[in-house]
Amino acid sequence: MPYWGAEEAVAELRRALSNRHAQADRLRYRNVLLRVIRSMTQGVDVSGLFMEMVKASATADLVQKKLVWWYMCSYAALKPDLALLALNTLCKDCSDPNPMVRGLALRSLCSLRMSDLDQWGQSEVLMFLLRYKPRSEEELFDILSLLDGYLKSSSPTVVMAATKLFLMLAKDFPQVQTDVLIRVKGPLLAACTSESRELCFTALCHVRQILGSLPGNFSSHYKKFFCSYSEPHYIKCQKMEVLCELVNDENVQQVLEELKSYCTDVSAELAQAAIFSIGSIARTYTEQSVRILTELLGLKQEHITSAVVQAFRDLVWLCPQCTEAVCQALPSCEETMQDSEGKQALIWLLGVYGVRVPNAPYVLEDFVENVKSEMFPVVKMELLTALVRLFLFRPAECQDILGRLLYYCIEEETDMVVRDRGLFYYHLLQAGVEEAKQVLCSPKADPTLGLLVDQADRPVNKWASEFNTLVPVYGKVSWAAITANLATEPHCGSFLFAAPMTAGTESPILEGNNEVLQVHSDAGGLTLIPKANLTAEQFEKTWLSLDVNCQQALPWHGAAHPDTIQTALEVVHIQTIAMSKSGAQPWKAYVSAQDKSGCLFLAELLLETESSEMQVSVKQSEEKTEALQLFISVLRTVMATILGLKS
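What you are looking at is a predicted structure, and each value in this text was computed from that prediction instead of being measured.

**Details of the confidence of the model for the chain**
Here comes step 1: On average, the chain scores 83 in pLDDT, and the residues at 70 or more come to 87%.
Here comes step 2: The secondary-structure element of the chain with the lowest mean pLDDT is strand 2 (residues 495-497), recorded at 32, while helix 15 (residues 252-262) shows the highest, at 95.
Here comes step 3: Low pLDDT, under 50, characterises residues 449-456; the predicted model gives this stretch two contacts beyond four residues in sequence or across chains.
Here comes step 4: When the criterion is pLDDT under 50, residues 487-524 qualifies, and its contacts beyond four places in sequence or with other chains add up to 68 contacts.

Below is the structure:
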């Protein structure tokens, strides 16, 4: 129960905290803080002083910091919005050269009752803690103990941030990492069945990442990854990938039956993905998988047959023990084969294992008879290789067929790659059958060695830094390409790709000039729309495909300042694509804009020397003379404004 007259006491403390003379005297100000803490411990509600205490945290006095952070940790729950203001000071203190200051800041940061922050605030704090390096093993486990509760949060955002923090801090303790990944299994499974498709897809990507290090982590929950009819294609494909990694002796039959039901989906792409998943499982559970794949051939559906034959091709290479079963299933497959991938797979199988398929030469003969109408050169080259291979073991049946094919490829084929392949095999056969066998039927590397490499577990530390990022979603290679394109200043020859101006960038373009430029950007019926951004690749492709519509010379003197020009152009909604560095000779810049009708304007600005005219070349996606003249007028106004500022 608060004391009588508490309001007057709080008002007096506020005046004391705001007193400049007290702030200048360290001991006097420390006594004021002690009075605040004393009042707090005696039950007086001093939460109204929160803002003054936040200001008091910005000090080098360690004792004062301790008093302030004690107060903060006590009242953060009542003032969550104001508590966020203290995070900036805490972040700075965590990088203080004084280890006592760093330790105090970290302890205070961990002691803040983050449950009073929203999920995004909590995740930001957890992500910030990744920057801290514990000084001892004892301190490390103290931090992990403090953060333990966030692994049970109802927010997936907080759980993922806490998990990454655990994985990074415990990099020298693999067992701790394993325990954490097992504990977050529940939240991840919940996210995988979320109604939010984005959350579900992201969770599935992270599950696949975890399975690379803990293959059996989700095996008992395999049914959670069965596809729902209403789910989009990309989620179903991710779930099938996960199912392939969860198969074991206990659930293999149920998983295969579930995947089999997807093989007749109305989406041909999804059906083929399900078939490829069964083919992947066949590497471990061959008999059950081959039986299902053979049954699917009986449906006589083109896309199903094609996918099954492709799965067979990959399977016999990796699992030679199933070759006999595959060869028995091949007859009549050619009747429902139209796409190039399926044809290549079937022809390869008939060429390599044609000795075991009685009608192999006659199936290949059908392909030879239709070779003139074949659209894909890769199919023709595969047919050449297969027939030459089969000829080496069944010459009587293949001699005439091979002769016709070689004649066509050498004398009539227009594709030079196919023609050269035909000539190669013709001369190879002239060298002798034994020589041809050495080239086409030589021993191959043991494919099972690749399987052993693929099955090796990945250490958690290999991907821990990528957890809770976009890397599991895009893939490591794709994300590297994306981030490379998003670099702020990537060099291209002597050019510097323009980076967007930030709020803190100094610019000689004054506020008064914005109005002048803006008027001209919309003058005479030309309205340049904002945010019509082209990438450098799009600009280059469009620029090369268009002719120059207009060339003009604009007055110029002195050096070109890239920041000044870029800022001025942005005011009138003209985007800078690439620009030379200041002082470069010749100096160039490439810019683009788009009006409200969709017409693109691409321009090259060229300055040969510092004392010359600026040459402007403009291209349009549509020929609009009036709009072109207005666009040049806007450019002229921008350059004139910049020259006025320089003078």
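**Quick look at the side chain of S277**
Here comes step 1: Along the polypeptide, S277 turns up in helix 16 (residues 268-281).
Here comes step 2: Taking the relative accessible area as the measure of exposure, S277 reaches 6% and is therefore buried.
Here comes step 3: Of note is the side chain of S277, whose polar atom sits 3.0 Å from the backbone oxygen of A273.

**Some details on helix 14 (residues 233-246)**
Here comes step 1: The terminal C-alpha atoms of helix 14 lie 20 Å apart, and with 14 residues this matches the ideal 20 Å at 1.5 Å per residue to within 8%.
Here comes step 2: Among the 14 residues in helix 14, 10 count as buried, and that is most of the element.
Here comes step 3: Buried residues of helix 14: I235, K236, C237, Q238, K239, M240, V242, L243, C244 and L246, and no others.
Here comes step 4: If you follow the buried residues of helix 14, they end up packed against helix 12 (185-192), helix 13 (197-211), helix 15 and helix 16.

**Some points on unusual backbone geometry**
Here comes step 1: In the Ramachandran plot, K300 falls in the positive-phi region, its phi being about 55° despite a non-glycine side chain.
Here comes step 2: By secondary structure assignment, the location of K300 is in the loop between helix 17 (286-297) and helix 18 (302-318).
Here comes step 3: Overall, the relative accessible area of 42% leaves K300 in the partly exposed class.
Here comes step 4: A positive phi angle, close to 75°, is found at S332, a residue other than glycine.
Here comes step 5: The exposure class of S332 is partly exposed, given its relative accessible area of 26%.

**Points about helix 31 (residues 562-571)**
Here comes step 1: Taking burial as the measure, the 10 residues of helix 31 include eight buried ones, the bulk of the element.
Here comes step 2: Three or more residues of helix 31 are buried, namely P562, T564, I565, Q566, T567, A568, L569 and V571.
Here comes step 3: In the segment just after helix 31, H573 is the residue with positive phi, at about 65°.

**Re the environment of Y222**
Here comes step 1: Looking at where Y222 falls in the secondary structure, it is placed in the loop between helix 13 and helix 14.
Here comes step 2: Of the residues examined, Y222 reaches a relative accessible area of 12% and is grouped as buried.
Here comes step 3: Residues Y222 and N251, 29 residues apart in the sequence, show an inter-C-alpha distance of 8.1 Å.

**Describing the pairing of strand 5 (residues 587-594)**
Here comes step 1: Burial of strand 5 is extensive: six of the eight residues sit out of reach of the surface.
Here comes step 2: Taking the residues between adjacent antiparallel strands as the criterion, strand 4 (residues 575-580) and strand 5 are bridged by six residues, where G583 takes a positive phi near 90°.
Here comes step 3: By the bridge criterion, eight bridges tie strand 5 to strand 6 (residues 600-607) in an arrangement that is antiparallel. The residue bridging A589 from the neighbouring strand is L605, located in strand 6.
Here comes step 4: Between the antiparallel neighbours strand 5 and strand 6 lie five residues, among them G598 with a positive phi of about 100°.

**Quick notes on the packing of helix 21 (residues 360-369) against helix 23 (residues 395-412)**
Here comes step 1: Axis separation between helix 21 and helix 23 bottoms out at 10 Å; the angle between their running directions is 15°. As judged from the angle between their axes, helix 21 and helix 23 are roughly parallel. Crossing of helix 21 over helix 23 shows left-handed handedness. Taking contact as the criterion, the partners of P361, Y362, E365, V368 and E369 in helix 21 are, on helix 23, E397, C398, I401, R404 and L405.
Here comes step 2: Among the residues forming the contact of helix 21 with helix 23, the class breakdown is six nonpolar, no polar and four charged.

**As for the packing of aromatic side chains**
Here comes step 1: Within this structure, the stated rule accounts for 13 aromatic pairs.
Here comes step 2: A ring pair is formed by W463 and F467, whose centres lie 6.0 Å apart and whose planes are at 40°; its orientation type is tilted.
Here comes step 3: Using a relative accessible area of 0% as the deciding quantity, one classes F467 as buried.
Here comes step 4: On the basis of an interplanar angle of 80° and a centroid distance of 5.7 Å, the ring pair of W543 and Y590 is categorised as edge-to-face. Of this pair, W543 sits in helix 30 (residues 536-545) while Y590 sits in strand 5, placing them 47 residues apart in sequence. Like W543, the residue Y590 is buried in the burial classification.

Calculation notes
Residues numbered from 1 in each chain as written. Predicted model: local features only at pLDDT ≥ 70, side-chain atom pairs only at ≥ 80, totals over all residues. Heavy atoms only, no water. pLDDT = per-residue confidence, 0-100. Helix = DSSP H or I, 4+ residues; strand = E, 2+ residues; numbered from the N terminus. Contact = heavy atoms within 4.5 Å. Buried < 20%, exposed > 50% of the residue type's maximum accessible area, 1.4 Å probe, protein only. Polar contact = N/O pair within 3.5 Å; in protein donor to acceptor, adjacent residues only side chain to side chain. Expected span 1.5 Å × (residues − 1). Pairing = 2+ DSSP bridges. Axes fitted to C-alpha atoms, helices over the stretch in contact; angles between N-to-C directions. Parallel < 35°, antiparallel > 145°, perpendicular 65-115°, else oblique. Left-handed = near helix turned anticlockwise from the far one by under 90°. Nonpolar A, V, L, I, M, F, W, Y, C, P; charged D, E, K, R; others polar. Phe/Tyr/Trp six-rings, centres within 6.5 Å; stacked < 30°, edge-to-face > 60°.

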